[in-house]
Amino acid sequence: PFRAGELALAEVRRKNNSTLKLLCRLAAEAVLSSPGGILPHRDIIGQLPGQVLRTSAGRRLLLRRPSLDEYVLLMPRGATIAYPKDISALLMMMDIHPGDTVLETGSGSGAMSLFLSRAVGPKGRVLSYEIREDHHNLAKKNYRHWRSAWEIGHVDEWPDNVEFILKDISTAAADLKSVTLDAVVLDMLNPQCALPVVHSSLKQGGVCAVYLANITQVIDLLDRIRSCKLPFLCERIIEVTHRRCDAAETNHSVPYIARPSHWQEAHSAFLTKLRKFQPLLS
């Protein structure tokens, strides 16, 4: 059942058949406000996830626990987050395993940090560098809120395996001398500034995944790798798009009709996969 202190997600069905999602942290004296009326948190606490309750105005709300991708889309943001559709592709690019040590630059609002934390597991480690103090503090706060809510609503603990570091990655060479990295993910304006620092700590054959908004940034990155003769091969540059389909009931002989939605999750970033290699000795 829901307990005070954990996160709950309320789904409200709109007239146009879309769904509004509202995230709240349950507290006995608090109230959930929605376009369809209010619902006291005390009416939610003690209920099982998946329960439908009615608001003060008689509207129905479906209450359940949020998934991680829903949390990162609804949590407070400072920087623009890496979207779950892109994060999943980055995780596949890096082929992260439980127990891995991964470096992230650009903590932002903490979205990537949370997914990396789950991927490396309790025996793994995530080093998350951020140059801006406001982003650094928000990422830590969002990570801490998710962990505390998880531990209230689940038997197992969420691993405490992310080290948030307020520092410019280009000045962190000394910090990384004794660290062996299984993978690196760069989400920053000029990732070419980080490559000379992180490449010596990345294991041979390891992947550095880069998240960039513009293709011109990708070209600048590849040009810096070439001009500085850094030991990276560019394996792939992709963008991820998701297109939804709508299914609606009809009054005809065919019970449902399905068609692609007019709305889609289109371009958000270019994802570049770089692999570290050992150059041939001349």
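Bear in mind the structure is a predicted one, so any value in this text is a computation, not a measurement.

Basis of the calculations
- Residues numbered from 1 in each chain as written.
- Predicted model: local features only at pLDDT ≥ 70, side-chain atom pairs only at ≥ 80, totals over all residues.
- Heavy atoms only, no water.
- 1 Å grid on protein atoms, 1.4 Å probe; cavity = no way out; pocket = protein on both sides within 12 Å on 5 of 7 lines; lining within 4 Å.
- Points joined across faces, edges and corners; volume = space filled by probe spheres on them.
- Helix = DSSP H or I, 4+ residues; strand = E, 2+ residues; numbered from the N terminus.
- Nonpolar A, V, L, I, M, F, W, Y, C, P; charged D, E, K, R; others polar.
- Domains from an automatic or database assignment.
- Expected span 1.5 Å × (residues − 1).
- Buried < 20%, exposed > 50% of the residue type's maximum accessible area, 1.4 Å probe, protein only.
- Contact = heavy atoms within 4.5 Å.

S.K.: So what's going on with the layout of surface pockets? Residues and values would help.
M.R.: Roughly 920 Å³ of volume is contained in the largest pocket. Listing elements by their share of the lining of the largest pocket, those giving two or more residues are β2 (19–25), α2 (68–74), α3 (84–94), β13 (242–249) and β14 (256–265). When residues in the lining of the largest pocket are grouped by element, the largest group, eight residues, is from β14. A class-by-class count of the residues in the lining of the largest pocket yields nine nonpolar, nine polar and ten charged. Two domains each put at least three residues into the lining of the largest pocket: domain 1 (6–66) and domain 2 (70–242 + 268–276). In this structure, the second largest pocket encloses a volume near 660 Å³.

S.K.: Describe helix α5 (residues 133–153), naming the residues involved and giving the relevant values.
M.R.: Its 21 residues place the ends of α5 31 Å apart at the C-alpha level, agreeing with the 30 Å of an ideal helix rising 1.5 Å per residue. Along α5, the positions that sit buried rather than exposed are H135, H136, L138, A139, N142, Y143, W146, R147, A149, W150 and G153. Tucked into the core, α5 has its buried residues touching β1 (7–13), β2, α2, α4 (111–120), β8 (125–130) and β9 (162–166).

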